[in-house]
Amino acid sequence: MQSVASAGNTSNTPSMQPSTQPATRPTSTAVATSAGPARPARDGDVDGDGRPDQVTLSAGGALAVHYSGGGSDVVNLGPGIAGDQKLLGTADADGDGHAEVFVRMIMGASAQIDTVLRYVDGHLRQLTMDGEQAHLSYGASVRNQFTWACQPPTAAIVQASSTSNDNDQSFQGEVRRYRFAGSTMVLISRQAFSIRANAPIPGMRAVPGCGSLVLAP
């Protein structure tokens, strides 16, 4: 079991459709809504009460949060592939005073698929985007590149994907920016780009990940 008590569609995007179940009802109320103070949360503070919460991921794909003020939530992400699922950590992606939870769901040969969960109306919930479970791609192959990052206040999540058609000399792709609305990631803008190999992607922060949560190369 992995644990952290205080941790930091384009056509090329791999798909991910894990099975989920509603979060269980906490035994006591921590915070009634997802609305939080106008300050970023500490890493690990999922419910926004100023104290870190205990977050664990079981081998069977059960993501559990035990709140510091009492009560808990469990979200079933599904068993996935043995060894692929990993609790990446927690960080406040949009600066609303609640830390989001990030989990690696799939680890491929050249790219990984991550998902994100958010505290909404007193419960931890897995977010959706583009009509399916939220999926954030990171990594690269000979022809494709994927990356994502948090970029408040302009966007909660920014994701880029690109493809090379000339032996890795240049890449053409798109940057998509999302905001949070309840348990949904809402697309707010799309920006096409064309860059030379190894050049920075316009509109993307240099370090992928979210806050102190930095994605490994």
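Above this text you will find the structure in question.
Because the structure is predicted, anything quoted here is derived from the model rather than measured.

A. Seen up close, the state of the cysteines. For the structure shown, the criterion picks out one disulfide. Linked covalently through their sulfurs, Cys 150 and Cys 210 form a disulfide whose S-S length is 2.2 Å. The sign of the S-S torsion, about -110°, decides the handedness of the disulfide formed by Cys 150 and Cys 210: left-handed. Of this pair, Cys 150 sits in strand E12 (residues 144–151) while Cys 210 is found in strand E16 (residues 209–210), placing the two residues 60 residues apart along the sequence. Under the relative-accessibility criterion, Cys 150 is labelled buried at 5%.

B. Examining the layout of surface pockets more closely. In this structure, the largest pocket encloses a volume near 490 Å³. Along its surface, the largest pocket is lined by 22 residues, and Tyr 138, Phe 146, Thr 147, Ile 201 and Pro 208 are the ones closest to its centre. Taken together, the elements giving at least two residues each to the lining of the largest pocket come down to strand E7 (111–120), strand E11 (136–140) and E12.

C. Representation of the packing of aromatic side chains in the model. Within this structure, the stated rule accounts for two aromatic pairs. For the pair Tyr 67 and Tyr 119, a centre-to-centre distance of 5.6 Å together with 70° between the ring planes defines the contact as edge-to-face. Of the two residues, Tyr 67 is situated in the loop between strand E3 (62–66) and strand E4 (72–76) and Tyr 119 in strand E7; the sequence distance between them amounts to 52 residues. Like Tyr 67, the residue Tyr 119 is buried in the burial classification. Both rings, one in Phe 102 and one in Trp 148, keep their centres 5.2 Å apart while their planes meet at 20°; by these two values the pair is stacked. In this pair, Phe 102 is assigned in strand E6 (residues 100–107) and Trp 148 in strand E12, connecting sequence segments 46 residues apart. Comparing Phe 102 with Trp 148 shows no difference in burial state: the two are buried.

D. Representation of the environment of Gly 95. Turning to its location among the elements, Gly 95 is positioned in the loop between strand E5 (86–91) and E6. Residues Gly 95 and Arg 39, spaced 56 residues apart in sequence, show a C-alpha to C-alpha distance of 5.9 Å.

E. Structural view of the pattern of salt bridges. Summed over all chains, the structure comprises seven salt bridges. Arg 118 serves as the salt-bridge partner of Glu 100, at 3.7 Å between the closest nitrogen and oxygen. Note that Glu 100 is positioned in strand E6 and Arg 118 in strand E7, a separation of 18 residues in sequence. Residue Glu 100 is classed as buried on the basis of its relative accessible area, which comes to 0%.

Each value, and the rule that gives it
Residues numbered from 1 in each chain as written. Predicted model: local features only at pLDDT ≥ 70, side-chain atom pairs only at ≥ 80, totals over all residues. Heavy atoms only, no water. Disulfide = S-S within 2.5 Å. Helix = DSSP H or I, 4+ residues; strand = E, 2+ residues; numbered from the N terminus. Buried < 20%, exposed > 50% of the residue type's maximum accessible area, 1.4 Å probe, protein only. 1 Å grid on protein atoms, 1.4 Å probe; cavity = no way out; pocket = protein on both sides within 12 Å on 5 of 7 lines; lining within 4 Å. Points joined across faces, edges and corners; volume = space filled by probe spheres on them. Phe/Tyr/Trp six-rings, centres within 6.5 Å; stacked < 30°, edge-to-face > 60°. Salt bridge = Lys/Arg side-chain N within 4 Å of Asp/Glu carboxyl O.

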